[in-house]
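The residues making up each chain are set out below.
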Amino acid sequence: MFTPSIRPFPPRPFFPRAAAVVLALSLAVMGACSEDETAAPETQSEYLLVHHEGESTQVWLGDLPSIDVDGQTAVHLDELVDTSLVPMYEDKGGAFHDARVLYAYRIAGEDGFSASVKGYPDNTWDQMPLGYILAATRDVVFPDEAIDLPGAYNVKASRHVYVKRKFDVIAPDTTAFYELEQMPVVQVENFEAQLEDAVALSGFVSALIADPASRSYYITALDGYGTADPMTWTQLQTGYWLLETQKTIFTDPALTSGPYKLKMLERIEIE
């Protein structure tokens, strides 16, 4: 008896309705991704690095309040260093003082150029609101109509702001400031009788005047607290700024009261 050979058809693929919908959506998403790849990517705002006390903080210009300068977006330079980087100082009476005045500010370009390269001092805090940085190019400008500064302070393609602790030295006929890092470091006994790195206060005076022995001296903190009685040059030479403790100390046994232990020293005044 003849038995026919039967070859079964291959099974038809089965796509449930839900699977078909998922497939269609997947193809649509893939197509959208393909179109996005050809579109211009979204650009981020430019940033600067603010260096303070061994830490570096990335500050994005697009996150800061802006101004318009001849149709270009710009940011005032004081916006780069807010009170989260340099906190306000609260005195014993509960009053707050802006500690940013205790620092000098060096604005440097990507190539390392700053006004200091030309021998100019760093910017003070009161100069910072008078300058601005163009958001698109990071060029720093101090406009002539706002402040008379040499052209070296107008830094192109800036990238860094270095925040440096300074002391002001105020004499009857002249005023200057000097940064702590410019001064020689010595070691003295701190309040716990341990050796600590320090900077001599007398060095700030001798950097400014030629006849220190004939003058009298006062030291004053950010909140206005300080010495009421004048010190001689001999007495001032026993004073130091402790770099870790962040306070003044005098080795003269007669100079140990509160006014000689200033935490937020701002200036040395000369009479």
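All of these numbers come straight from a predicted model, not from anything done at the bench.

Trainee: So what exactly am I meant to see when it comes to unusual backbone geometry here?
Mentor: Excluding glycine, most residues fall at negative phi; most peptide bonds, likewise, are trans. Residue Glu-53 is not a glycine yet carries a positive backbone phi of 50°. Summarising the element assignment, Glu-53 is placed in the loop between β1 (47-52) and β2 (55-60). Classification of Glu-53 by relative accessible area gives exposed; the value is 60%. Positive phi is not limited to glycine here, since Gln-246 has a value of about 60°. For Gln-246, the position within the fold is in the loop between β16 (239-242) and β17 (247-250).

Trainee: Sorry, what's going on with the packing of aromatic side chains here?
Mentor: When we look at a pair of aromatic rings, we describe it by the centre distance and by the angle of the planes. For the structure shown, the criterion picks out eight aromatic pairs. Here Tyr-105 and Trp-125 contribute two aromatic rings whose centre-to-centre distance is 5.3 Å and whose plane-to-plane angle is 45°, an arrangement assigned as tilted. Of this pair, Tyr-105 sits in strand β7 (residues 103-109) while Trp-125 sits in the loop between β8 (123-124) and β9 (132-134), placing them 20 residues apart in sequence. Relative accessible area serves as the criterion here: at 11%, Trp-125 is assigned to the buried category. Measuring from ring centre to ring centre gives 5.7 Å for Tyr-217 and Trp-233, while their planes differ by 45°; the resulting arrangement is tilted. Placement of Tyr-217 in strand β15 (residues 217-221) and of Trp-233 in helix α3 (residues 233-236) is noted, with a sequence separation of 16 residues between them. Each member of the pair, Tyr-217 as well as Trp-233, is classed as buried. Chaining the aromatic ring pairs together yields one cluster made of Tyr-120, Phe-142 and Tyr-153. The ring of Tyr-47 carries the charged tip of Arg-159 above its face, separated from the ring centre by 4.3 Å. Above the ring of Phe-191, the side-chain terminus of Lys-247 is found at 5.7 Å from the ring centroid.

Trainee: How should the sheet that holds β16 be read in this particular structure?
Mentor: Note on sheets: strands pair through backbone hydrogen bonds, and any given pair is parallel or antiparallel. Strand order in this open sheet of four strands is β13-β14-β16-β17, and the pairing throughout is antiparallel. The open sheet is flanked by β13 (186-189) and β17, the only strands paired with a single partner. Pairs of neighbouring strands in the sheet enclose a mean axial angle of 50°, with direction left out of account. Note: β13 against strand β14 (residues 195-200), four bridges, orientation antiparallel. Residue pairing for β14: Val-188 is matched across the bridge by Glu-196.

Trainee: Please explain the nonpolar core as it appears in this structure.
Mentor: Proteins that are soluble and globular tend to have nonpolar side chains buried together. Leu-77, Leu-80, Val-81, Tyr-105, Val-161 and Val-163 are the most contacted members of the largest nonpolar core, which has 32 residues in total. Of all elements in the fold, only β1, β7 and β11 (158-170) reach the threshold of two or more residues within this core. Looking at which element gives the most residues to this core, the answer is β7, with three residues. Contacts of Tyr-105, omitting those with residues within four sequence positions, involve Val-81, Arg-100, Asp-122, Asn-123, Thr-124, Trp-125, Met-128, Val-161, Tyr-162 and Val-163. Ranked by size, the runner-up nonpolar core spans 25 residues in total, among them Ala-171, Val-205, Leu-236 and Ile-268.

Trainee: In this structure, what is going on with the environment of Gly-54? I would like to understand it.
Mentor: Mapped onto the fold, Gly-54 is located in the loop between β1 and β2. With relative accessibility at 87%, the residue Gly-54 sits in the exposed group. When the C-alpha atoms of Gly-54 and Val-163 are compared, they prove to be 9.9 Å apart, with 109 residues separating the residues in sequence.

Thresholds, definitions, all that
- Residues numbered from 1 in each chain as written.
- Predicted model: local features only at pLDDT ≥ 70, side-chain atom pairs only at ≥ 80, totals over all residues.
- Heavy atoms only, no water.
- Helix = DSSP H or I, 4+ residues; strand = E, 2+ residues; numbered from the N terminus.
- Buried < 20%, exposed > 50% of the residue type's maximum accessible area, 1.4 Å probe, protein only.
- Phe/Tyr/Trp six-rings, centres within 6.5 Å; stacked < 30°, edge-to-face > 60°.
- Lys NZ or Arg CZ within 6 Å of the ring centre and 35° of its normal.
- Pairing = 2+ DSSP bridges.
- Axes fitted to C-alpha atoms, helices over the stretch in contact; angles between N-to-C directions.
- Core = buried A, V, L, I, M, F, W, Y, C linked by side-chain atoms within 4.5 Å.
- Contact = heavy atoms within 4.5 Å.

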